[in-house]
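Descriptive structure summary
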Amino acid sequence: MVDIVRKEELTQILDSIVAVMEGAKEELIELDGAMGDGDLGLTMVNGFTAVAEEIRTLDETDMGKIMMKLGMKMNATVPSTMGTLISVCFIKAAPAAKGKTELTLQDMVKMGQGAVAGVMERGKSKPGDKTMLDALHPAVEALGAAAASGDTLSDAWQKAYEAAKDGAEKTKTMQSVHGRAAYYQEKSVGRQDPGATAMMYIVSGIAKAVR
């Protein structure tokens, strides 16, 4: 069980996300194809594969600097809407990790809060708009609540995953207000949001790696 995340553990987390995305690729392509351009599965696999390769080339041990570099790599590799928002997550999580070689659960909560704020600002969106935030925001809230009640890092991320899964499922009842899916308006109701689903799988990858 992991209780501190250093560069080595972050590398394992990224590998875990790649493996989860490989398994979810077809589902994401199908979900995204119904309302978007259908490339989300490939975007996630290619983006996280590039980031997992990038971390192995870095001599850096400062987790904040690593997160910044990984965010830039993600953006350069998959310059799509979702790729940009995931890179924003890395970059806006970085300040809470600056100057640290080891991250605790409390650090990760602050990093998550930075990611949520960054996505809200960049995407001009809020929870309830049927976006990745509907999985990310509840996951970070659950992570914070678990940290406050003294949970282990492993248990906290499991709770974050359950919250992200629940949040992604709830997007079925929502109407899209952003992106290509917004053109479909009522037709988007009843379908799970691809971005929230991808974010759920990211959290799943983290939870599996720290178990």
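My aim in this report is to walk through the structure given alongside it, one point at a time. The structure displayed is predicted, hence computed values, not measured ones. (Residues numbered from 1 in each chain as written. Predicted model: local features only at pLDDT ≥ 70, side-chain atom pairs only at ≥ 80, totals over all residues. Heavy atoms only, no water.)

1. A few points about the side chain of D32
Secondary-structure assignment places D32 in helix α1 (residues 7-35). At 2.9 Å, the side chain of D32 and the backbone nitrogen of G38 are in polar contact. Only 3.1 Å separates the side chain of D32 from the backbone nitrogen of D39, close enough to count as a polar contact. Look past the residues within four positions of D32 in its chain and what remains in contact with it is D37, G38, D39, L40 and P194. (Helix = DSSP H or I, 4+ residues; strand = E, 2+ residues; numbered from the N terminus. Polar contact = N/O pair within 3.5 Å; in protein donor to acceptor, adjacent residues only side chain to side chain. Contact = heavy atoms within 4.5 Å.)

2. Observations regarding the packing of helix α7 (residues 153-170) against helix α8 (residues 194-209)
Closest axis-to-axis distance for the α7/α8 pair is 9 Å, and the angle between their directions is 165°. Viewed along their axes, α7 and α8 adopt a mutual orientation that is roughly antiparallel. Considering the relative orientation of α7 and α8, their crossing is left-handed. Here W157, Q158, A160, Y161, A164, K165 and A168 of α7 lie close against α8, whose contacting residues are A196, T197, M200, V203, S204, I206 and A207. (Axes fitted to C-alpha atoms, helices over the stretch in contact; angles between N-to-C directions. Parallel < 35°, antiparallel > 145°, perpendicular 65-115°, else oblique. Left-handed = near helix turned anticlockwise from the far one by under 90°.)

3. Details of the packing of helix α4 (residues 81-93) against α8
One way to put it is that α4 packs onto α8 with a least axis distance of 12 Å and a crossing angle of 40°. Taken together, α4 and α8 sit at an angle that is classed as oblique. In this structure, α4 meets α8 at a crossing whose hand is right-handed. Here M82, I86 and C89 of α4 lie close against α8, whose contacting residues are G195, A198, M199 and I202. Of the residues in the contact of α4 with α8, the class split is 6 nonpolar, 1 polar and no charged. (Nonpolar A, V, L, I, M, F, W, Y, C, P; charged D, E, K, R; others polar.)

4. Points about the pattern of salt bridges
According to the stated counting rule, one finds 9 salt bridges in the structure shown. The partner of D107 in a salt bridge is K100, and the shortest N-O contact between them spans 2.7 Å. Note on D107: relative accessible area 7%, which makes it buried. Across the pair K165 and E169 runs a salt bridge whose closest N-O atoms are separated by 3.8 Å. Pair noted here: K165 and E169 are both in helix α7, with a separation of 4 residues, about one helical turn. (Salt bridge = Lys/Arg side-chain N within 4 Å of Asp/Glu carboxyl O. Buried < 20%, exposed > 50% of the residue type's maximum accessible area, 1.4 Å probe, protein only.)

5. What about α8?
With 16 residues, α8 extends 23 Å between its outermost C-alpha atoms, agreeing within 8% with the 22 Å of an ideal straight helix rising 1.5 Å per residue. Counting buried positions over the 16 residues of α8 gives 15, a clear majority of the element. Two or three places before G195, at the opening of α8, D193 has a side-chain oxygen 3.2 Å from that residue's backbone nitrogen. (Expected span 1.5 Å × (residues − 1).)

6. Some thoughts on the packing of aromatic side chains
To describe a pair of aromatic rings, you give the distance between the ring centres and the angle between the ring planes. According to the stated counting rule, one finds 1 aromatic pair in the structure shown. With a centroid separation of 6.3 Å and an interplanar angle of 50°, the aromatic rings of F48 and F90 are classed as tilted. Within this pair, whereas F48 is found in helix α2 (residues 40-57), its partner F90 is found in helix α4, the two being separated by 42 residues in sequence. Since its relative accessible area comes to 8%, F90 is described here as buried. (Phe/Tyr/Trp six-rings, centres within 6.5 Å; stacked < 30°, edge-to-face > 60°.)

7. Describing the environment of T152
Mapped onto the elements of the fold, T152 is located in the loop between α6 (133-148) and α7. Counting along the chain gives 33 residues from T152 to V119, while the straight-line C-alpha distance between them is 27 Å. If sequence neighbours within four positions are ignored, T152 has contacts with M1 and L105. For T152, the side chain forms a polar contact with the main-chain nitrogen of D155, separated by 3.0 Å.

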